[in-house]
Amino acid sequence: MPNAIQPFYTVHSRHSSLVLDCRGTAPAILYWGARLGEGTSPDMLALLATEQEAPACPPEQAPISLSPELGAGFQGNPGIQVHRQGLQWAVNAQIESVTQNNTYFTIVSICVGTQVRITHRIGLDIDSDMLIASTELCNLGDNNLWVEQCNAPSIPLPMDHNKIMGFQGRWANEFQRHSVDRFMGTYLRENRSGRTSHDSFPGVIIHTEHCTESAGHAYGLHLGWSGNHRIRIEEQFTGRAYAQLGELFCPGELSLEPNKSYCSPVLYGASTNSGLSALSGCFHRYIRSKLTDARMAGKSKSVHFNTWEAMYFDLSLQRLKALADSAAQVGAERFVLDDGWFKNRKSDGAGLGDWFVDQGIFPDGLSPLIDHVQARGMEFGLWIEPEMVNPDSDLYRAHPDWVLSAEPAPVILSRHQLVLDLTRSEVQDYLFDCIDKLLSQYPISYLKWDMNRIINQPGDAQGRAVTHKQTVALYKLLSRIRGAHPQLEIESCASGGGRADFGILAYTDRIWTSDSNDALDRLAIQKGFSMFFPAELMGAHVGPKDCHITGRSISMATRAGVAMFGDMGIEANLLDMDAEEKAELAAAVALHKQHRQLIHRGDLVRLETQQFENSFGVVAANREEALFSYGLLASSPNTAPGRLHFRGLDADQLYRVNIIWPLQPSSSSASILEIINGSVISGDALKNAGLQLPIMQPETLLIFHLQQS
Ligand code: GLA
C-alpha cells in the first residue's frame with residue numbers, strides 16, 4: 001500500500017530548503033530558497049502564502065503547480081500540453097504517490113481525462129544546493145498521444161524577483177548578458193537551431209532589483225539539453241509569476257504510442273541570497289561533484305596547441321611537425337590537429353563524412369605526426385565533425401538519402417554541408433565504425449567534436465521532424481564511443497560555443513567557448529560563460545597578435561593573461577612568432593601550470609566593475625590562496641582607475657600580495673607596482689580599503705597572487 005499523501009514535503013541541502021505543497025490535486029513548490037530553521041513548519045509557510053480572491057476572477061486561482069494544468073483552469077502556459085485528435089487536452093491530474101529517496105522526491109500523478117501519468121522528480125543536491133527537476137509523461141491510453149509541450153517543473157517566482165538576466169549572442173560572441181525588467185506578460189526565448197545555440201543559451205537568472213555579484217536574491221535556471229528549447233518567464237495580472245523551461249517541439253514531432261513515455265530535459269536550479277557569484281558557485285560545485293566524469297577527477301587539464309588559426313586547411317606534415325616542435329617548446333601538453341586532415345578536405349567545401357586520413361597530406365597515415373608529437377612529450381588530439389556531410393563526399397554520393405531535410409522544400413546548405421540523420425541505425429553504425437577505427441589505430445587521447453551548422457530542416461525520411469530524436473541519437477553515439485574508449489576526452493564545439501549545456505557534459509570534458517580568440521571580447525564571453533560553467537571546462541586559447549575575427553591587435557601579455565584563467569591553449573602560428581613573444585607565451589603557460597590547480601578548483605568571485613573594466617578572482621576553498629585579475633578594457637576617465645576591493649578572502653588572515661603578470665608591468669612614475677610585491681596585508685584591508693590601482697594603458701591587465709602568510 002502506498003503511503004498516504006502528506007500535505008507537505010520538505011528537504012534541506014547544505015544551504016537551501018525545498019518545500020513541496022501536495023495539499024491540492026497537483027504538486028507545487030511552496031518554498032525554495034535559503035535553508036529554513038527547525039522552528040519553521042510548512043504550515044507557517046502555507047499560512048504566509050495565503051492569497052486573496054482577485055476581483056473578476058474565480059475564487060481560487062489555479063495553482064502554479066509543477067506542471068500547471070489547463071484542466072484546472074490555469075491561464076498561463078500549461079506545463080503539459082497534449083491531445084488525442086484534438087480531444088482529451090484538459091490535463092487535471094491527481095497525485096497518486098510521493099516517494100522520497102534521500103533529498104529527492106518522485107511524485108506520480110494520474111490524469112484520468114487525458115489518460116496520462118505524470119512523474120515529477122525534484123529535489124536538492126545536498127553538497128552543491130542544486131535543485132534538480134524533471135517531468136515525465138506516460139501515455140496510458142490505447143491510442144497515440146500528441147505531445148506539444150512537456151516542460152520541466154515550473155518554478156514560481158517571488159514578486160520582488162523583478163529583473164531578468166538573459167543570454168544572447170552570435171557566432172564568435174556568445175554568452176552576452178542582457179537585462180530586462182520583468183513585466184506583465186511573457187519573456188520568451190525560443191531556440192530552433194537544433195543545437196544548444198549561440199544566440200539563446202538555455203539559461204536565465206531572475207533576481208531582485210539590487211542584486212549584485214556579492215549581495216541580493218536570485219534564482220538561476222538552466223535546461224540541460226543540446227537541442228531546441230523554450231524559456232518562459234511569465235507574470236500574470238495577479239502578480240504571480242513563474243519560470244518554465246522545456247524542450248521545443250516542431251509540429252507533430254512527438255507522438256507517444258500507448259505505454260510510451262517522454263521525459264523532459266533536466267532543469268538545474270540555483271538559489272542565492274548573497275549575489276550572483278554565489279549563484280555561479282552552486283552551478284560550478286554541481287558540475288565538479290556530479291557532472292565531471294570520474295576519470296577526470298584529480299587529473300590536470302592539459303595545455304593545448306590547436307592548429308586551426310595557425311594553418312587552417314593548408315596542412316603539410318613538415319609544417320605540422322615544426323609547429324609541434326614550437327608548441328612543445330612553449331609548454332603545450334596536447335597537440336590537436338584541427339580540420340583539414342581527412343580525405344579531400346582542402347576547404348570547407350568537401351570531405352565531411354569521409355573520415356579517412358588524406359593520403360595526399362599523410363601518405364603514411366597519422367603515425368609519423370603522432371610519433372613526432374609524442375616524442376615531444378605531448379598527447380595527440382583530433383578534430384572531427386561526425387554529424388555532418390558535404391554533398392561533395394564519397395559518403396553523400398553513396399547515401400544521398402542519409403540526410404535530414406524538409407521535403408518538398410528545397411534543401412538548404414550551410415557551410416556547404418548537410419546534417420546526417422543520426423536516428424537511422426546505419427548512420428550511427430557508420431559513424432561509430434569510422435571513429436572507432438581511428439581511435440583503435442592511433443593513440444588519440446582527445447577528440448574535438450564539432451558541429452558547424454544549425455539543423456533548420458529537421459525532417460527524417462518519413463517527413464517527420466526529429467530534432468528531439470536527433471539529440472538523443474547524438475548522446476547515444478557519444479556514449480557508445482566513450483564506452484568503447486573510456487580514457488578518451490571529448491571537447492564539445494559547435495562553431496565555438498554553440499553546444500554548451502549540462503546535457504552534453506555527460507559525454508564531454510571541455511567546451512570550446514567561442515571561435516573568437518580576441519582577448520578583449522573573450523572577457524565578456526568568459527564572464528557570461530562563468531555564470532554557469534567553471535574555468536576548467538572553458539577552452540581559452542591565446543590567438544594570433546592580430547585577431548583573425550575582429551582584426552584587433554592585442555599584446556601577448558593581455559592575450560595570455562585572459563586565456564590563463566580557463567582551460568588554457570594556444571591557437572596561433574608559432575612559426576611566425578618572434579622569440580620575445582614566444583618567451584612571453586612560454587612564461588604565461590608556465591604560470592598557468594603553476595596555478596592551474598587553484599584556477600580549476602577554486603571559487604570564482606566576479607567583482608563589480610565599471611563598463612571599461614573587468615575584474616574577478618579565484619579563491620582557494622580554504623581561503624589560503626587566491627588569484628585576482630584586473631583588466632582595463634578602454635581608457636579610464638580618470639588618471640588612474642580606482643581601488644581594487646578583493647573579495648572572498650578570509651578577513652582575519654594576512655596575505656602576501658604579489659603582482660605576477662605581466663612579467664614587467666609598466667609604470668611611468670613610482671606606483672603600487674613598485675611597492676606592493678611581497679607586502680603582507682589583511683584580508684579585511686584588501687576588501688574594505690582596497691588597493692589603489694596604478695595608471696594603466698587601455699587593453700592591459702594585472703594579475704595578483706595572494707598567499708596566506
Ligand atoms: C569551427 C570551430 C573552429 C574550427 C573550425 C574548423 O568553426 O569552432 O574552432 O575547428 O570549425 O572548420
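Residues numbered from 1 in each chain as written. Predicted model: local features only at pLDDT ≥ 70, side-chain atom pairs only at ≥ 80, totals over all residues. Heavy atoms only, no water.

Engineer: Provide a residue-level description of the overall build of the protein, including the pertinent values.
Structural biologist: Along the protein, the regular secondary structure elements total 13 helices and 38 strands. Here the C-alpha atoms of the protein give a radius of gyration of 27 Å, agreeing with the 27 Å that 2.2 N^0.38 yields for 709 residues. When its C-alpha atoms are laid out on the principal axes, the protein stretches across 75 × 70 × 45 Å. Classification of the 709 residues of the protein by burial places 59% in the buried group. If you take every contact in the protein between residues at least 6 apart in sequence, the share linking residues at least 24 apart comes to 70%. Carbon and sulfur atoms make up 50% of the accessible area of the protein, which totals about 27,100 Å². Positive and negative side-chain charges of the protein, numbering 58 and 78 respectively, have mean locations separated by a distance of 1 Å. (Helix = DSSP H or I, 4+ residues; strand = E, 2+ residues; numbered from the N terminus. Rg over C-alpha atoms; globule rule 2.2 N^0.38 Å. Buried < 20%, exposed > 50% of the residue type's maximum accessible area, 1.4 Å probe, protein only. Contact = heavy atoms within 4.5 Å. Areas by Shrake-Rupley, 256 points an atom, 1.4 Å probe, with all protein chains shown as cover. Lys, Arg positive; Asp, Glu negative; His and termini not counted. Charge placed at Lys NZ, Arg CZ, Asp CG, Glu CD.)

Engineer: So what's going on with the site of the ligand? Which residues, and what values?
Structural biologist: In the vicinity of the ligand there are 13 residues, among which D338, D339, K448, D450 and D515 approach most closely. Contact distances for the ligand include 3.0 Å between an oxygen atom and a backbone N or O atom of G496. (Near = heavy atom within 4 Å. Polar contact = N/O pair within 3.5 Å; in protein donor to acceptor, adjacent residues only side chain to side chain.)

Engineer: I'd love a proper account of the domain arrangement of the protein, names of residues and values included.
Structural biologist: We note that the domain assignment places domain 1 (8-291), domain 2 (295-512) and domain 3 (606-708) within the protein. For domain 1 and domain 2, the distance between their C-alpha centres works out to 35 Å. Across the boundary between the two partners, domain 1 contributes 32 residues, which contact 26 residues of domain 2. Taken together, the two surfaces of domain 1 and domain 2 that pack against each other cover about 2,200 Å², and 60% of this comes from carbon and sulfur. Between domain 1 and domain 2 we count zero salt bridges in total. Where domain 1 packs against domain 2, one counts 16 residue pairs in polar contact (both at pLDDT 80 or more). For the side of domain 1 that touches domain 2, the secondary structure elements donating two or more residues are β12 (173-181), β15 (218-224) and α2 (276-291). If you tally residues by element for the side of domain 1 that touches domain 2, the top one is α2, at four residues. Tallied by class, residues from the side of domain 1 that touches domain 2 come to 16 nonpolar, eleven polar and five charged. (Domains from an automatic or database assignment. Buried area = accessible area lost by both parts, 1.4 Å probe. Salt bridge = Lys/Arg side-chain N within 4 Å of Asp/Glu carboxyl O. Nonpolar A, V, L, I, M, F, W, Y, C, P; charged D, E, K, R; others polar.)

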